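A look at the structure
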Amino acid sequence: MERAWLFSLIPLTIGVVFLAFGAYGLRRAAVLRRTGVDAEARIVRHEARRNDEGVTFYHPVAAWTAQDGTACEYASRYGRGTMRDTLGAGTRVLVRYDPRAPHRFAIQGWDMTRLDLLFTVLGSVLATGTVTVLLVRLLTL
């Protein structure tokens, strides 16, 4: 049983990574809600990105003019497997962006804080559950 606790590091590590990813996304969304500026944008194209398993995700690229007159054009953080005519090229959307760093933006109705919340909850459950099991095992030795 000396090395058995090492296997507990796997769910603990996964939990901490999920928790960090989710907390980052939720914090980013909260900052955009507080300090962000709304702008009308247009979807100009989609960036196709392939993940490690070979699945292609399409990230809409939004273009807008910032308050200071700077032209901005950035791809969304979130992509989907199919577009299904929801955000085709030329579609007008509302974006909320950080005026100090316009690459931090969210397309309203597209970017999802639910995914960040899911990662936060799963990460918390995995990390807390693993730490609890380790503490119980240590106390009962």
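Coordinates for the structure precede this section.
This text gives an overview of the structure that appears in the document. (Residues numbered from 1 in each chain as written. Predicted model: local features only at pLDDT ≥ 70, side-chain atom pairs only at ≥ 80, totals over all residues. Heavy atoms only, no water.)

**Description of the overall build of the chain**
Helix and strand counts for the chain stand at two helices and five strands. Relative to a compact globule of 141 residues, whose C-alpha radius of gyration would be 14 Å, the chain shows 20 Å and is clearly more extended. C-alpha atoms of the chain, sized along the principal axes, occupy 65 × 35 × 20 Å. Counting the 141 residues in the chain, one finds 30% classified as buried. (Helix = DSSP H or I, 4+ residues; strand = E, 2+ residues; numbered from the N terminus. Rg over C-alpha atoms; globule rule 2.2 N^0.38 Å. Buried < 20%, exposed > 50% of the residue type's maximum accessible area, 1.4 Å probe, protein only.)

**With respect to the side chain of His-59**
Mapped onto the fold, His-59 is located in strand β2 (residues 56–65). Residue contacts for His-59: discarding those within four places in its chain leaves Arg-45, His-46, Glu-47, Arg-49, Ala-75, Ser-76, Arg-77, Tyr-78 and Gly-79. (Contact = heavy atoms within 4.5 Å.)

**Considerations on the pattern of salt bridges**
Evaluated as defined, the whole model comprises seven salt bridges. Among the ionic pairs, Arg-104 bridges to Asp-98, the shortest N-O distance being 3.3 Å. Overlapping salt bridges bring together Asp-98, Arg-100 and Arg-104 as one network. (Salt bridge = Lys/Arg side-chain N within 4 Å of Asp/Glu carboxyl O.)

**Some details on the nonpolar core**
Nonpolar side chains in soluble globular proteins generally cluster together in the buried interior. Formed by 16 residues in total, the largest nonpolar core has its most connected members in Ala-62, Trp-64, Val-93, Val-95, Tyr-97, Phe-105 and Ile-107. Top element by residues in this core is strand β1 (residues 37–50). It accounts for four residues. For Ile-107, the residues in contact, after removing those within four places along its chain, are Ile-43, Pro-60, Ala-62, Ser-76, Val-93, Leu-94 and Val-95. (Core = buried A, V, L, I, M, F, W, Y, C linked by side-chain atoms within 4.5 Å.)

**Thoughts on the pairing of β1**
In this structure, β1 lies alongside strand β4 (residues 92–98), joined through six bridges in antiparallel fashion. Among the inter-strand pairings, Arg-42 is bridged to a residue of β4, identified as Arg-92. Pairing of β1 with β2 involves eight bridges; the strand directions are antiparallel. Its bridge partner lying in β2, Arg-45 is registered against Val-61. Connecting the antiparallel pair β1 and β2 is a turn made up of five residues, with Gly-54 showing a positive phi of about 90 degrees. (Pairing = 2+ DSSP bridges.)

**As for the sheet that holds strand β5 (residues 101–107)**
The strand order across the open sheet built from five strands is β3-β2-β1-β4-β5, with neighbouring strands paired in antiparallel fashion. Because the sheet does not close on itself, it has two edges, and the strands there are β3 (71–75) and β5. Strand-to-strand twist of the sheet, defined as the mean angle between neighbouring strand axes without regard to direction, takes the value 40 degrees. This element, helix α1 (residues 9–35), spans β1, β4 and β5 of the sheet and lies at about 100 degrees to β5. (Axes fitted to C-alpha atoms, helices over the stretch in contact; angles between N-to-C directions.)

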